[in-house]
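A look at the structure
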Amino acid sequence: MSSTQPSGEPYRLAGRRLPFVNWYYVRPGRFGWYDAAGNDVTVSGNLDAAAAHYRAVDRPTGIRLMAQPAVRQGPILQPERPFEKIVTLNTVIQTEAGFQAWGRCQTADGQKFFAYYTSEDGRQWRRPHVGLIDYAGNRANHFIEPNGGSVFFDPAGPPDERYKSLAEAYFSEAQFAAYLRRRPGDFEHKALRTDVQPGNYWWHGGNICGARGWVSPDGQRWTEIDEPLVVTHTDTQVIGYYDVHMGKYVVYFRDWLVGERANTDAEYTPAAWIGVGRRAIGRAESSDFRNFPLPDLILTPRLDQRPNQVLYTNCKTVFPGAPDQHLLFPAIWDMGDDTTTIDLASSSDGRMWNWAPGTPVFATGPAGAWDGGAIFAHPNLLELPNGDFALPYTGYDVPHKYPRGQFTYATGYALWPHGRLMALEAPERGEFATVAVLPPAQRLVLNTITQRAGFVQVEAARLDGQPIPGRSFAEAVPIVGDQPRAAVRWHGQEELGLAAGEAVILRFRMERASLFFVEFL
Amino acid sequence: MRTPLPGQLEPMAVQGPQLFVDWRYVRAGFVGWYAGDQRVGVWEPAPANTLGAPLAPYGIRLQAQCAETVGPILPRDKPWEYTYHINTVMYDEGVYRVWYECIPNDHFGGKALPWALGHGNVLAYAESDDGFTWRKPRLDFMPYEGQATNIVYGRQLSPNGQHGVSVFKDPHAPAAERYKLIYMAAASDIDAEQWRARYQDRFGDDMDPMCFRKSGGQERRQLGVSGHLEKRTHNMVYWIGGALSPDGLHWKGLPDPLMVQFSDTLTTCYWDQALQRYVGYFRTWLYGRRCVGRAVTEDFRYWPSTPDTILQAPLTSHPSDDVYTNAKVLYPGSGNIHLMFPALYHRLDDSREAYLTSSIDGIHWQWVPGGPVIRRGKLGDWNGSDIAAGQGIVPLGTDRIAVPVSGYVHPHKYPRGSEPFGAPGWAVWDKGRLCALVVDDCGEFATPDLHFQGNALSLNLRVREAGVVRVELRDEAQQPIPGYTFADADPLVADSLDYPVTWRGQPNLGSLADQPLSVAFQLRKAELFGFEFR
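1. Description of the sheet that holds strand S22 (residues 339–342) of chain A
Residue and element names in this part refer to chain A. The antiparallel open sheet is built from four strands, whose spatial order is S18-S21-S22-S25. At either margin of the open sheet sits one strand with a lone partner, and together these are strand S18 (309–311) and strand S25 (362–363). Here S18 pairs with strand S21 (residues 331–334) via three bridges, running antiparallel. Within the sheet, the bridge partner assigned to Gln309 lies in S21 and is Asp334.

If you want it as structure tokens, here you go:
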């Protein structure tokens with residue numbers, strides 16, 4: 001559906017950064033055919049073929065996008081207390097005050113608890129005494145009331161629902177009946193898993209698959225929403241967030257790409273479709289956290305992937321400092337060897353996604369390592385105090401479906417030093433211009449790296465394309481070397497020289513350089 | 001919205017030719033862990049001798065196949081055929097029927113015409129028995145410079161101009177509306193706000209802002225990002241228009257908009273038998289780049305929502321590339337193999353080439369690996385600088401399949417006025433060979449359970465002398481069916497569009513059509529294009 005809002009320049013920025021995770025900020029350029037007198041004769045011109053010449057304006061050239069491989073670090077959370085055996089993080093939220101995390105703790109005596117952690121730096125994790133759950137006769141622990149697998153902060157929620165949580169769940173017939181009274185016929189047939197025995201696993205309260213929600217005032221005391229948020233076969237990671245711009249909740253689900261069943265008398269076997277289906281990612285949005293429509297399939301395995309590779313999880317997050325640049329870090333499960341890799345996809349609206357060239361960005365560790373069996377990423381992509389980007393993941397010591405009787409697992413970070421997640425590269429000489437944006441500040445820094453003979457130069461122009469006096473390429477000071485935060489200067493000037501509310505187009509000349517993002521200061 | 005398909009589970013119904021254009025007919029498989037012969041459950045302790053046993057496809061990949069381009073196939077011999085775009089080709093009851101869009105030369109002669117350039121186009125018609133020798137009927141509908149023409153729509157034959165038109169046959173419509181046109185309509189020098197208010201009740205706010213054009217203001221800047229040139233006729237309003245016909249020749253234009261969407265260039269539509277809805281593919285825009293959108297409706301005269309964008313250029317393409325056209329078709333006889341031949345427009349050199357994309361449902365699309373499948377010819381040739389596909393995919397003779405194309409000697413945006421331009425042609429493949437499942441070394445895979453009619457299985461394959469293909473049939477438990485195992489299978493070594501699969505010399509599947517079965521393949525140095533039960 002078309003937006004009823006006008007499209008076009010200048011673009012708004014939701015944050016202070018302008019990252020290059022797709023072509024959103026790169027101007028496609030325009031061109032024309034011009035006669036000898038400089039008249040534009042494009043399309044309607046009636047000269048000879050050789051009498052006009054192609055002339056482009058702000059045509060991007062010599063550049064490409066390339067996802068960067070992550071560095072492995074971990075485990076980043078180790079058992080510390082005498083009763084802790086396995087500790088993991090499922091969600092980490094970054095705020096100006098620090099980091100909050102939700103995870104699980106398996107105790108030495110085999111019990112499993114939800115747990116709450118805090119950190120100032122994302123590396124040293126505290127276990128605050130929440131005082132809610134009695135364990136071994138003592139409430140001096142960090143265990144919390146059960147919530148789901150992922151947590152998000154809801155800036156629009158009422159005070160007692162400021163935090164929300166989501167997970168896959170299996171609901172009872174009674175819960176399903178209540179759901180149907182509200183939403184007759186609004187469910188997915190695949191979700192009726194009559195083959196599942198209720199109570200077999202801790203999350204199997206029934207056999208109707210769907211998404212469960214929880215709400216909380218503080219992220220510690222949780223209230224479970226009894227009925228499904230939606231009845232769909234979302235059998236692994238479910239991640240949500242509140243989209244401030246749309247004023248809606250958005251949820252990313254495990255979804256399935258499967259073919260159409262023939263009209264046949266052959267007996268229907270629940271879950272038999274799993275054998276032929278491919279795991280994929282779905283999305284739904286709603287103004288009401290307690291009711292989501294059935295998800296739309298928004299990302300499926302690529303045709304240049306092997307036919308046994310599927311999208312196991314979604315790991316929806318955003319680019320730090322640019323909350324309108326949406327990212328997915330799906331775990332690609334390879335059924336040829338039962339391991340996983342982490343790929344990267346990006347989107348400017350959360351609906352239409354593109355796979356990042358250069359993906360996968362992260363792989364299962366070497367055999368025998370703590371994460372040498374399979375890995376799965378968790379929200380969110382964090383910016384550590386030193387500027388590194390870190391993505392939490394759970395690493396398993398055995399492959400995904402390997403017998404789990406003795407398996408162990410832990411949490412690690414996939415690290416991108418200096419926040420260099422994805423590069424706009426000019427392997428040789430490259431040029432491009434951004435779309436016009438309303439800058440939140442007047443100074444710029446670049447996260448860039450050049451080869452020895454390379455450089456980056458920036459020109460600032462107004463909305464009409466004309467360079468701002470004193471901010472043209474002629475005055476631009478070349479940026480050379482490994483510069484995570486290089487100030488952009490024009491003959492000693494750092495200010496863009498714009499009036500308040502005035503938009504800017506940034507033009508780049510690059511020689512053997514990679515540009516990771518622009519930040520307004 | 002979920003696709004309202006009748007189910008999404010095994011067995012999959014197959015009827016007619018089935019192509020390997022995506023992974024739908026390749027079972028994803030799984031990996032099991034075994035201690036000796038004993039499978040070890042996921043939540044059980046693992047004995048020391050536990051080994052993985054992947055039952056997953058391996059050694060295979062998909063590769064789109066490049067077409068041979070043939071043209072020009074239709075002579076430019078009429079004065080109204082100054083520019084020439086082939087829009088729709090249909091193989092209709094034994095006759096090739098083509099609808100092509102022309103801009104008559106009076107648009108370039110400085111005459112004052114009541115239509116803006118691009119909206120005084122005309123739709124012309126021709127037919128052929130073999131796809132190469134064409135008849136242009138002399139019709140009385142719209143004379144041009146005193147001559148009878150083969151023009152069937154546009155200008156005074158249309159209530160609202162026409163641009164980017166396509167024709168489809170609607171099997172479920174009453175006879176008087178059996179054929180339908182869809183296109184971008186336009187009106188100039190009208191009060192846009194009054195027009196918008198008039199249709200507010202019909203469409204609410206769901207009107208594409210790009211439909212309302214006037215010089216200056218917001219619209220100019222918007223077009224600048226998009227790469228358009230900023231020179232437009234004042235006060236234009238655009239929308240999606242339609243027309244109805246009993247025979248594809250006599251058209252009755254619909255005066256009211258079907259949808260308020262700016263979809264310049266080829267818009268396509270068809271009646272989807274499974275969905276029981278009309279499905280249209282339109283041009284949309286995403287961050288200043290052309291894309292393809294999709295919308296559905298039960299009533300051709302009223303589309304309740306503007307399109308959702310469903311295809312954009314991959315990030316591996318050049319940052320200035322657009323998806324220019326959609327050329328959406330269903331592979332003939334298959335019913336569910338949705339294909340597009342979208343032209344990627346390279347602003348870098350003002351040219352287009354067409355790629356292959358595939359979908360199981362028309363909503364979720366994948367770019368088929370292998371690069372462009374309809375490529376430009378040599379510089380100076382009829383298709384040397386620019387080529388794009390029209391709508392339609394038709395048999396050509398008994399062994400080939402063809403998509404209509406328009407080729408251009410010059411780049412896309414210049415020059416258009418100096419001499420006649422645009423020539424129709426065919427992009428031709430051997431029947432069913434749009435994409436190969438390639439086995440470079442050794443490979444294996446199995447299909448999902450299939451529900452089929454017939455008593456024989458044939459393959460479209462290319463296997464060189466040192467290669468081989470063997471086929472096994474498996475029951476619902478994935479157990480080989482006696483008599484149809486790999487041990488019974490005859491080795492298949494052939495280059496054939498229709499090669500019978502045999503087991504110990506026998507092709508007969510007996511009564512197996514009554515039960516769902518999976519087809520397993522062992523391959524070495526082979527290309528497999530498709531299969532068919534009959």
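Structure's up, so let's keep going.
2. Digging into the pattern of salt bridges
Residues and elements named next belong to chain A. Counted under the stated rule, the structure contains 63 salt bridges over all chains. One salt bridge in this structure joins Arg126 and Glu120, with 3.7 Å as the shortest N-O distance. The exposure class of Arg126 is partly exposed, given its relative accessible area of 44%. Taking the shortest distance from any N to any O, the salt bridge between Glu188 and Lys190 comes out at 3.4 Å. Look at Glu188 and you get buried, because its relative accessible area is 8%. Judged by its relative accessible area of 4%, Lys190 falls in the buried class. Linked through salt bridges whose partners overlap, the residues forming this network are Glu9, Arg27, Asp58, Glu459 and Arg507.

3. Some remarks on the side chain of Thr364 of chain A
Residue and element names in this part refer to chain A. Here Thr364 is to be found in the loop between S25 and strand S26 (374–377). Within the structure, the side chain of Thr364 is placed 2.6 Å from the backbone oxygen of Thr340, a separation counted as a polar contact. In this structure Thr364 touches Arg72, Thr339, Thr340, Asp371, Gly372, Gly373, Ala374 and Ile375, once residues within four positions along its chain are discounted.

4. Observations concerning empty space enclosed by the protein
A water-sized probe rolled over the atoms picks out the places where empty space is left. Within this structure, the stated rule accounts for two cavities of 30 Å³ or more. Computed from the structure, the largest cavity encloses a volume of approximately 230 Å³. Lining the largest cavity are 17 residues, with Leu257 of chain A together with Asp22, Trp23, Arg24 and Ile360 of chain B positioned closest to its centre. Residues that form the lining of the largest cavity fall into these classes: eight nonpolar, six polar and three charged. The space that makes up the second largest cavity amounts to roughly 110 Å³. In this structure, the second largest cavity is lined by 15 residues; those nearest its centre are Tyr287, Arg289, Gln312, Ala313 and Asp321 of chain B. Of the residues forming the lining of the second largest cavity, the biggest block, three residues, is contributed by strand S22 (residues 289–297) of chain B.

5. As for the pairing of strand S27 (residues 343–346) of chain B
Alternating positions in S27 of chain B separate into two faces, Ala343 and Tyr345 of chain B on one and Leu344 and His346 of chain B on the other, with burial throughout. Hairpin connection of S27 of chain B to strand S28 (residues 351–354) of chain B: four residues between the antiparallel strands, including Asp350 of chain B at a positive phi of 60°.

6. Concerning the sheet that holds S27 of chain B
Residue and element names in this part refer to chain B. Strands sit in the order S24-S27-S28 across an open sheet of three strands; the sheet is antiparallel. Whereas interior strands pair on both sides, the edge strands pair on one side only; in this sheet they are strand S24 (321–323) and S28. Each neighbouring strand pair of the sheet contributes to a mean axis angle of 25°, computed without reference to strand direction. When S27 meets S28, the two strands line up antiparallel, connected through four bridges. Within S28, the position partnered with Leu344 by the bridge is Glu353.

7. Considering the packing of aromatic side chains
Residue and element names in this part refer to chain B. Applying the stated criterion to the full structure yields 70 aromatic pairs over all chains. A centroid spacing of 5.7 Å and a plane angle of 85° characterise the contact between Phe282 and Trp303, whose relative ring orientation is edge-to-face. Taken together, the residues span a long stretch of sequence, with Phe282 in strand S21 (residues 277–286) and Trp303 in the loop between S22 and strand S23 (308–311) at a distance of 21 residues. Here Phe282 and Trp303 have matching classes, each one buried.

8. Comments concerning the nonpolar core
Counting residues in each nonpolar core, the largest one holds 85 residues, and the members touching the most others are Phe20, Phe329, Trp416, Leu506 and Phe508 of chain A. Among the elements that make up this core, the one with the highest residue count is strand S33 (residues 505–520) of chain A (nine residues). With near-sequence residues (within four places) excluded, Phe20 of chain A lies in contact with Tyr25, Val26, Leu65, Met422, Leu424, Phe432, Leu515, Phe516, Phe517 and Val518 of chain A. Core analysis: the next-biggest nonpolar cluster, separate from the first, contains 65 residues, Val373, Ala389, Leu492 and Leu523 of chain B among them.

Calculation rules
- Every chain begins its residue count from 1, and numbering advances along the sequence as written.
- Chain A is the first chain written and ligand 1 is the first ligand written, with later ones labelled in order.
- Under the rules for a predicted model, residues below a pLDDT of 70 receive no local features and side-chain atom pairs below 80 are neither given nor counted, while totals for whole chains, interfaces and linings still include all residues.
- Water and hydrogen atoms play no part in the side-chain values, which are based on all heavy atoms of the structure.
- Paired strands, in this sense, are two strands between which DSSP finds at least two bridges.
- To qualify as a helix, a DSSP run of H or I must reach at least 4 residues; to qualify as a strand, a run of E must reach at least 2; elements of each kind are numbered from the N terminus.
- The rule for a salt bridge is simple: a side-chain nitrogen of Lys or Arg has to be within 4 Å of a carboxyl oxygen of Asp or Glu.
- Each residue's exposure class comes from its accessible area (1.4 Å probe, protein chains only) as a fraction of the maximum for that residue type: buried when under 20%, exposed when over 50%, partly exposed otherwise.
- Within 3.5 Å is the distance limit for a polar contact, defined as a pair of N or O atoms, with the added protein rule that one can donate a hydrogen and the other accept it, and that residues adjacent in sequence qualify only through two side-chain atoms.
- Residue contacts are defined here by distance: any two heavy atoms, one from each residue, within 4.5 Å place the two residues in contact.
- Cavities and pockets are defined on a 1 Å grid built over the protein atoms alone: a cavity is a set of grid points where a 1.4 Å probe fits but cannot escape, while a pocket is an open set with protein on both sides within 12 Å along at least five of seven lines, and lining residues are those with an atom within 4 Å of any such point.
- Grid points are joined across faces, edges and corners, and a volume is the space filled by probe spheres set on the points.
- Amino acids are sorted into nonpolar (Ala, Val, Leu, Ile, Met, Phe, Trp, Tyr, Cys and Pro), charged (Asp, Glu, Lys and Arg) and polar (every other residue, Gly among them).
- Axis definition: a line fit to C-alpha positions, over the contact stretch in the case of helices; interaxial angles, taken between N-to-C directions, run 0 to 180 degrees.
- Pairing of aromatic rings covers Phe, Tyr and Trp, the last counted by its six-membered ring, and requires centre-to-centre distances within 6.5 Å; plane angles under 30 degrees mean stacked, over 60 mean edge-to-face, and any other angle means tilted.
- In plain words, nonpolar cores are sets of buried Ala, Val, Leu, Ile, Met, Phe, Trp, Tyr and Cys residues tied together by side-chain atoms within 4.5 Å.

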